[in-house]
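Chain residues, written in single-letter form:
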Amino acid sequence: MLEIKTINNTYSESIIDLILNIQQKEFNVPITIEDQPDLMQIEEFYVASGGNFWGAFKDGELVGTIALVKFDKNAAAIRKMFVKKEFRGKEHNIAQQLLEVLIAYCHENGIEEVYLGTVSILKAALRFYERNHFKIINKEELPAKFPLMSADNVFCFLDLKS
């Protein structure tokens, strides 16, 4: 049984453990917790601006995350979309469910433009976003207020107006 729910700073340790393991050990992305202070300030960084942070739990274990940073009146960025390796794929469908929860939140809260940055090494993630109607855009096409992460080198956009 999968449960997706809003999570906050009380889950920081589990969130950091999940995300850093995937970033560092699985994909060798040279990023540390110091590069991601938002993971220790979920309410302040995500929720206070009108975004949110969700966790997917399987039998009480955190197996996936997705977050939304609202950076403009009707625009937001997806952040921290991670699913534990053994829970990825269509048979679990966790990434899809996380994205659907985030998109429903956007519709309910008047967010019409969703952006994200990722790294080119994450090929499966890019295919996932393209299957979900995200368009790859050039960095120059990002809104001025988009919260850039230094590691990101591929950017995507989803128009929720249509």
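Residues numbered from 1 in each chain as written. Predicted model: local features only at pLDDT ≥ 70, side-chain atom pairs only at ≥ 80, totals over all residues. Heavy atoms only, no water.

Undergrad: Any details on the overall build of the protein chain? Residues and values, ideally.
TA: Helix and strand content of the protein chain: four helices and seven strands. Starting at the N terminus and ending at the C terminus, the protein chain contains elements arranged as β-α-α-β-β-β-α-β-α-β-β. Its C-alpha atoms give the protein chain a radius of gyration of 15 Å, within 12% of the compact-globule value 15 Å for 162 residues. Expressed along its principal axes, the backbone C-alpha trace of the protein chain runs to roughly 35 × 35 × 30 Å. For the protein chain, buried positions account for 48% of its 162 residues. For the protein chain, long-range pairs separated by at least 24 residues make up 64% of all intrachain contacts whose partners lie at least 6 apart in sequence. If you sum the accessible surface of the protein chain, you get close to 8500 Å²; carbon and sulfur atoms cover 51% of it. Considering the protein chain, the positive charge centre built from 18 side chains and the negative charge centre built from 23 side chains are found 5 Å apart. (Helix = DSSP H or I, 4+ residues; strand = E, 2+ residues; numbered from the N terminus. Rg over C-alpha atoms; globule rule 2.2 N^0.38 Å. Buried < 20%, exposed > 50% of the residue type's maximum accessible area, 1.4 Å probe, protein only. Contact = heavy atoms within 4.5 Å. Areas by Shrake-Rupley, 256 points an atom, 1.4 Å probe, with all protein chains shown as cover. Lys, Arg positive; Asp, Glu negative; His and termini not counted. Charge placed at Lys NZ, Arg CZ, Asp CG, Glu CD.)

Undergrad: Break down the nonpolar core for me, with residues and values.
TA: Of all hydrophobic cores here, the largest spans 29 residues; its most connected members are L68, I78, L99, L102 and F134. Every element with two or more residues in this core is listed here: β2 (52-58), β3 (61-72), β4 (75-83), α3 (94-108), β5 (113-118), α4 (123-131) and β7 (154-159). The element best represented in this core is α3, accounting for seven residues. When residues no more than four places from it in sequence are discounted, the contact partners of L99 are I66, I78, M81, F128, N132 and F134. Judged by nonpolar contacts, the second largest core, of 17 residues, contains I22, I33, Y46 and F53. (Core = buried A, V, L, I, M, F, W, Y, C linked by side-chain atoms within 4.5 Å.)

Undergrad: Tell me what's going on with the environment of I31, and back it up with residues and numbers.
TA: By the element assignment, I31 lies in the loop between α1 (12-26) and α2 (42-47). Judged by its relative accessible area of 10%, I31 is buried. In the structure, I31 is positioned 119 residues away from S150 in sequence and 9.7 Å away in space, judged by C-alpha atoms. Beyond its immediate stretch of four places on either side in the chain, I31 contacts L20, Q23, Q24 and Q36.

In short, the description is geometric, and any link to function would need to be established separately.
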